[in-house]
Amino acid sequence: MADGGDDRLASKAAAGDAAAFAALIGALVPRLHRWLVATGCRHHDAEDVVQEACLRAHRAIGRYDPRWAFSTWLFTIAHRVRLDQAGRRREHAPLGDLPCAEPTDEDPLPPGGLWAQARAALSAEDYRILWLHYAEDQAPGDCARVLGISAIAARVRLHRARRRLEVVLRAHPASVPAEVLS
Amino acid sequence: MSIPDRLRRAAHDIPGTAPPDLAARMQALVAAQGALPRALRPLPWSRPVVWAAAAGLLLAAALLWGALAERAAPAAAPPLAPRALPSPPTLDELLATTGAPGADQAVAGELAALSADLAAVLGTVRGSIPF
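Residues numbered from 1 in each chain as written. Chains lettered and ligands numbered in written order. Predicted model: local features only at pLDDT ≥ 70, side-chain atom pairs only at ≥ 80, totals over all residues. Heavy atoms only, no water.

(A) Summary view of the overall build of chain A. From N to C terminus, chain A includes 9 helices and 0 strands. The helix and strand sequence of chain A, counted from the amino end, reads α-α-α-α-α-α-α-α-α. Out of the 182 residues in chain A, the part that is buried amounts to 53%. Of the contacts formed within chain A by residues at least 6 apart in sequence, a portion of 60% connects residues at least 24 apart. When the accessible surface of chain A is totalled, it reaches about 8,300 Å², and 53% of it is carbon and sulfur. (Helix = DSSP H or I, 4+ residues; strand = E, 2+ residues; numbered from the N terminus. Buried < 20%, exposed > 50% of the residue type's maximum accessible area, 1.4 Å probe, protein only. Contact = heavy atoms within 4.5 Å. Areas by Shrake-Rupley, 256 points an atom, 1.4 Å probe, with all protein chains shown as cover.)

Right, here's the structure in full:
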């Protein structure tokens, strides 16, 4: 499903309208950068990923399907760029999963805040999908598309992340308002 | 307030991380790449129709290929003519082609001996009959 205000721009961009494409890029780049940094990318790495994602989107705009939100498409490209980047680094030093859930010195999350707690409590995959769904307002199906998993897997991960976060917050009730746990 | 609502609210409070000029730089970058490639015009038929047409074309191509291959193949060898079986040799032919020296005499002697034996047997049989 396309974004409410962006679907017309996305259709124009798919038809070759450079101004519409630039407008979409301008609106989505800050969100994309924040998602990357909030999930563990350093600023300069996030800029590299954003730049490569924009270039790939420019090259592949002819294959963009306007039935899907442009933001979902761009986030999907960015996620793949990031996987490629992590794969290249893994050739030199095995890192395991994407280095996304580790706080960096450029961490935008307020210490002790709910998102910082979520990042500490959840796996990288669960935290990433939690962010896409609640911070980026992506539907579970769109989250699944971005992360390259099935829609059912996305729903399961979201449910698991919420449950896990709830357990952690109950274990540390001092940091959580009572109405959250009610 | 539920956890999902609180997550959404907390996300709004997280500041942006992109440098202020990043969006403009990316816009300039994509603008420098030139014109956007045009999207391919979608086919005016539904997907099942396209698949069915593709399958039909594939089948027609396979049949045509088979016909051409059959035409291009070398002419088949003519069927073998029925061959008459040789008739078995007669006794005379066998006797004539033995080729061994004195074979005729040996056979005649054996025939004479057999005739004598047969006559003796007949005499014995006649003698044993009381009437």
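Past the structure itself, the notes keep going.
(B) Structural context of the overall build of chain B. Counting its regular elements, chain B contains 5 helices and 0 strands. When its helices and strands are written in sequence order, chain B yields α-α-α-α-α. Counting every position in chain B, which comprises 131 residues, the buried fraction comes to 11%. With the model as given, the accessible surface of chain B reaches about 11,100 Å², and the carbon-plus-sulfur share is 68%.

(C) Representation of the interface of chain A and chain B. Opposite the 46 residues of chain A that make contact, chain B presents 29 residues. Both sides of the chain A and chain B interface together cover about 3,200 Å² of buried area, and 71% of this is carbon and sulfur. Linking chain A with chain B are 2 salt bridges. For Glu47(A), the salt bridge identified is with Arg25(B), shortest N-O distance 3.2 Å. Sorting the residues of the side of chain A that touches chain B by element identifies helix 1 (7-14), helix 2 (18-38), helix 3 (43-60), helix 5 (114-121), helix 6 (124-134), helix 8 (151-171) and helix 9 (178-181) of chain A as the ones contributing at least two each. Sort the elements by how many residues they give to the side of chain A that touches chain B and helix 2 of chain A lands first, with 11 residues. Broken down by class, the residue content of the side of chain A that touches chain B amounts to 29 nonpolar, 9 polar and 8 charged. (Buried area = accessible area lost by both parts, 1.4 Å probe. Salt bridge = Lys/Arg side-chain N within 4 Å of Asp/Glu carboxyl O. Nonpolar A, V, L, I, M, F, W, Y, C, P; charged D, E, K, R; others polar.)

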